[in-house]
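What follows is the residue order along each chain.
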Amino acid sequence: MLLLAVAFIVAFVLLLYMVSPLISPKPLKLPGAHVVVTGGSSGIGKCIAIECYKQGAFITLIARDENKLLQTKKEIEKYSVNDKQVVLCISVDVSKDYEQVENVLKQAQEKLGPVDMLVNCAGTSVTGKFEDIEVNSFERLMAVNYLGSVYPSRAVITTMKERRMGRIVFVSSQAGQLGLFGYTAYSPTKFALRGLAEALQMEVKPYNIYVTVAYPPDTDTPGFAEESKTKPLETKLISETSSVCQAEQVARVIVKDAIQGNFNSSVGSDGYMLSILTSGMSPVTSITEGLQQVVCMGIFRIVGLFYLGSFDSIVRRCMMQREKSESADKNE
């Protein structure tokens, strides 16, 4: 009886693997495709642009700093695979004026054709204790990290629907899956992208448009280096529990998942575990993915509880050390 049950389970899993490719979206072909990358002048955004360009795509880079854009354009053009490829640079703040964002994307499409893939990578970060962060920082981060993704997506979605094809990528963060000490201003903006992505995916899936949410871990970028300067001690100690990834590695994973139409994109074992734990009611690209979530959820929850216990211990220890230090200063 036991052997029969095992055989049934094995047969069921094999059937899922066989059926899964039939219901998965067709991969997007990058050669000749028009890829728009916001926040593309540095960090993960620049590496994503390079990765797509290496595969034959036409690139529109959008960022605020025109000088950085021009430098990045020269760097990307070194990776061309044919003479027809173009890198277009547009200097604009994607978080301020929707009409301006819409106009520049119309211009980009007039020059390079309809947008096949939009990568929303523009973002910024502020770390610190909740009561120490300036109130306007909460507003600024929500504008850049959330509205800075809403505006470009809104500007291209109609054309994608008309063409019955497209990819939209939202670059979130592991801090958009798990709230951590010091990220009270940053985490909510990245969590918001998840909600936007889930609702948008349900709207656009019938039009053969697929949304990807990327959750990169700590990544070696100029933005990460700047953020690290103001991190509270607790945040630094928690961050030390995981390794820092290279932007090129993260970019390759994001581009691959976006091409395949995967909803979740994560890097490394910690990223995989977090994606399973936070899957909730998020879409799946294949039956196999759903099965993995069902099987692994309980085990990963146990592992996750150990992580949370470790983080809480770090925070308590730092608080006690700080109180002892303050008490000693008063006694002197």
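Residues numbered from 1 in each chain as written. Predicted model: local features only at pLDDT ≥ 70, side-chain atom pairs only at ≥ 80, totals over all residues. Heavy atoms only, no water.

- Going by the annotation in an unreviewed UniProt entry, the name recorded for the protein chain is 3-dehydrosphinganine reductase, with Rostratula benghalensis given as the source organism.
- What UniProt records for the protein chain under Catalytic activity (unreviewed entry) is the sentence "sphinganine + NADP(+) = 3-oxosphinganine + NADPH + H(+)".
- Among the UniProt annotations of the protein chain, the heading Subcellular location (unreviewed entry) holds the following wording: "Endoplasmic reticulum". (UniProt positions renumbered as here; feature names shortened; annotations may be inferred.)

Thoughts on the side chain of Asp116
Here is step 1 of the chain: Summarising the element assignment, Asp116 is placed in the loop between helix 4 (98-112) and strand 4 (117-120).
Here is step 2 of the chain: A relative accessible area of 9% means that Asp116 is categorised as buried.
Here is step 3 of the chain: A polar contact is formed between the side chain of Asp116 and the side chain of Arg163, at a distance of 3.1 Å.
Here is step 4 of the chain: Residues in contact with Asp116, not counting those within four places in the same chain, are Leu28, Ala33, His34, Met160, Arg163, Met165, Gly166 and Arg167. (Helix = DSSP H or I, 4+ residues; strand = E, 2+ residues; numbered from the N terminus. Buried < 20%, exposed > 50% of the residue type's maximum accessible area, 1.4 Å probe, protein only. Polar contact = N/O pair within 3.5 Å; in protein donor to acceptor, adjacent residues only side chain to side chain. Contact = heavy atoms within 4.5 Å.)

Focus: the pattern of salt bridges
Here is step 1 of the chain: Throughout the structure, instances matching the rule amount to seven salt bridges.
Here is step 2 of the chain: With a shortest N-O distance of 3.1 Å, Arg163 and Asp116 are connected by a salt bridge. One end of the pair, Arg163, is in helix 5 (residues 135-163); the other, Asp116, is in the loop between helix 4 and strand 4, and 47 residues separate them in sequence.
Here is step 3 of the chain: Among the residues examined, Arg163 registers a relative accessible area of 31% and is labelled partly exposed.
Here is step 4 of the chain: The shortest N-O distance in the salt bridge between Glu226 and Lys229 comes to 3.3 Å.
Here is step 5 of the chain: With a relative accessible area of 49%, Glu226 lands in the partly exposed category. (Salt bridge = Lys/Arg side-chain N within 4 Å of Asp/Glu carboxyl O.)

Observations regarding the sheet that holds strand 3 (residues 87-91)
Here is step 1 of the chain: Strand order in the open sheet formed by seven strands is 3-2-1-4-5-6-9, with parallel pairing between adjacent strands. A strand with exactly one partner marks an edge of an open sheet, and here the two such strands are strand 3 and strand 9 (264-266). Taking the axes of each pair of neighbouring strands and ignoring which way they run, one obtains an average angle of 15° across the sheet.
Here is step 2 of the chain: Strand contacts of helix 3 (residues 66-77): strand 2 (58-63) and strand 3, with the helix running at about 170° to strand 3, the strand carrying the most contacts. (Pairing = 2+ DSSP bridges. Axes fitted to C-alpha atoms, helices over the stretch in contact; angles between N-to-C directions.)

Looking at a positive patch on the surface
Here is step 1 of the chain: The grouping of Arg64, Lys68, Lys96 and Arg140 at the surface amounts to a positive patch.
Here is step 2 of the chain: Note on placement: Lys96 falls in the loop between strand 3 and helix 4.
Here is step 3 of the chain: For Lys96, a relative accessible area of 67% gives the class exposed. (Patch = residues over 30% accessible without salt bridge, like charges linked within 9 Å, V, L, I, M, F, W, Y side chains within 5 Å. Areas by Shrake-Rupley, 256 points an atom, 1.4 Å probe, with all protein chains shown as cover. Lys, Arg positive; Asp, Glu negative; His and termini not counted. Charge placed at Lys NZ, Arg CZ, Asp CG, Glu CD.)

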